Amino acid sequence: MNEIINAISYSWNSMTWITWLVLILLGAKTVQSFNKAYKENKNYQEMKNNKDKSGLAHFYNGIVVSILCIIVFFLPYIINNQG
């Protein structure tokens, strides 16, 4: 638990304006993807059953981009602890 707190605080303190910009853009893309996914579908099951699989593609895109947000946030800590 202590290492997680250290990782969060180190990453937070190491953020530059570029990192914040990338996180804002990725966060906006995540929200946009989930909005498009649920625009015509009420839930995940409807996305799977719909003949138009664009909602499902937007849903998975939202998941991938949200994982990228986490990676970008912790990237300073990961780079610092490589060696």
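Everything below is about the structure shown above.
Structure report, in brief.

## Quick notes on the environment of threonine 30
Phase 1 of the analysis: Mapped onto the elements, threonine 30 comes out in helix H2 (residues 17-37).
Phase 2 of the analysis: Note: C-alpha distance between threonine 30 and methionine 15 (15 residues apart in sequence) is 20 Å.

## Description of the packing of aromatic side chains
To describe a pair of aromatic rings, one takes the distance between the centres and the angle between the planes.
Phase 1 of the analysis: Tallied over the full model, the rule gives 8 aromatic pairs.
Phase 2 of the analysis: A centroid spacing of 5.1 Å and a plane angle of 85° characterise the contact between tryptophan 12 and tryptophan 20, whose relative ring orientation is edge-to-face.
Phase 3 of the analysis: Ring centres of phenylalanine 73 and phenylalanine 74 lie 5.0 Å apart, and the angle between their planes is 85°; this geometry places the pair in the edge-to-face category.
Phase 4 of the analysis: The exposure class of phenylalanine 73 is buried, given its relative accessible area of 15%.
Phase 5 of the analysis: Of the residues examined, phenylalanine 74 reaches a relative accessible area of 24% and is grouped as partly exposed.

Rules behind the numbers
Residues numbered from 1 in each chain as written. Predicted model: local features only at pLDDT ≥ 70, side-chain atom pairs only at ≥ 80, totals over all residues. Heavy atoms only, no water. Helix = DSSP H or I, 4+ residues; strand = E, 2+ residues; numbered from the N terminus. Phe/Tyr/Trp six-rings, centres within 6.5 Å; stacked < 30°, edge-to-face > 60°. Buried < 20%, exposed > 50% of the residue type's maximum accessible area, 1.4 Å probe, protein only.

Honestly, it's all geometry; don't read function into it.
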